[in-house]
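One letter stands for each residue in the lines below.
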Amino acid sequence: MAQSVGPRLYSCCNCRNHVGLHDDIISKAFQGRTGRAFLFSHAMNIVVGPKEDRHLLTGLHTVADISCADCNEPLGWKYERAYETSQKYKEGKFIFEKAKIVKEEDW
């Protein structure tokens, strides 16, 4: 008999709060502060901090750090604004540091 499989989830590395869906990953080829990072179209159960301009590898962006809503673990950032035309696709998207999230074992 086939087993019913729910959504494939990523969770906070500290408290296992669900923060993202596998289906919302746009790219796994991003660089975060601690190494590899994933670009997600959506996030859940996070807190978005204040906006600030930051010089990243791809130019100047307005970003806001994101953290887990349950334990306040820093997880990455949200792109609020991209100044370069070629980077506009990132606006409203989320970077999760690979080292800060875990893939749930159900899949």
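Keep in mind that this is a model prediction, so the values were computed, not measured.

S.K.: Could you clarify how one ought to interpret the sheet that holds strand β7 (residues 74-82) in this entry?
M.R.: Two pairing modes exist for strands in a sheet, parallel and antiparallel, and in both the strands are linked by backbone hydrogen bonds. A sheet is described by the order of its strands in space; here 6 strands give the open sequence β3-β4-β8-β7-β6-β5, paired in antiparallel fashion. Of all strands in the sheet, those with a lone pairing partner are β3 (25-31) and β5 (46-56), marking the two edges. Pairs of neighbouring strands in the sheet enclose a mean axial angle of 30 degrees, with direction left out of account. Bridge count for β3 against strand β4 (residues 36-40) is 4 bridges, and the pairing is antiparallel. Counted as the bridge partner of I25 is F40 from β4.

S.K.: Before we go on, may I ask you to explain the pattern of salt bridges in this structure?
M.R.: Once their charged atoms are close, side chains differing in charge can pair, the charge on each being opposite to the other. Tallied over the entire structure, the rule returns 7 salt bridges. Residues joined in a network through salt bridges with shared partners are R33, E52, R54 and D65.

S.K.: Even after reading the chapter, I still don't get the side chain of S11, so can you show me in this structure?
M.R.: Assignment of secondary structure puts S11 in strand β1 (residues 9-12). Look at S11 and you get buried, because its relative accessible area is 0%. At a separation of 2.4 Å, a polar atom in the side chain of S11 contacts the side chain of E104.

S.K.: Just to check I follow, could you spell out the environment of D70 for this structure?
M.R.: Positionally, D70 belongs in the loop between β6 (59-68) and β7. Of the residues examined, D70 reaches a relative accessible area of 61% and is grouped as exposed. Separated by 57 residues in the primary sequence, D70 and C13 have C-alpha atoms spaced 12 Å apart. Those residues in contact with D70, other than ones at most four positions away along the chain, are C15 and N17.

Rules used in this analysis
- Residues numbered from 1 in each chain as written.
- Predicted model: local features only at pLDDT ≥ 70, side-chain atom pairs only at ≥ 80, totals over all residues.
- Heavy atoms only, no water.
- Pairing = 2+ DSSP bridges.
- Helix = DSSP H or I, 4+ residues; strand = E, 2+ residues; numbered from the N terminus.
- Axes fitted to C-alpha atoms, helices over the stretch in contact; angles between N-to-C directions.
- Salt bridge = Lys/Arg side-chain N within 4 Å of Asp/Glu carboxyl O.
- Buried < 20%, exposed > 50% of the residue type's maximum accessible area, 1.4 Å probe, protein only.
- Polar contact = N/O pair within 3.5 Å; in protein donor to acceptor, adjacent residues only side chain to side chain.
- Contact = heavy atoms within 4.5 Å.

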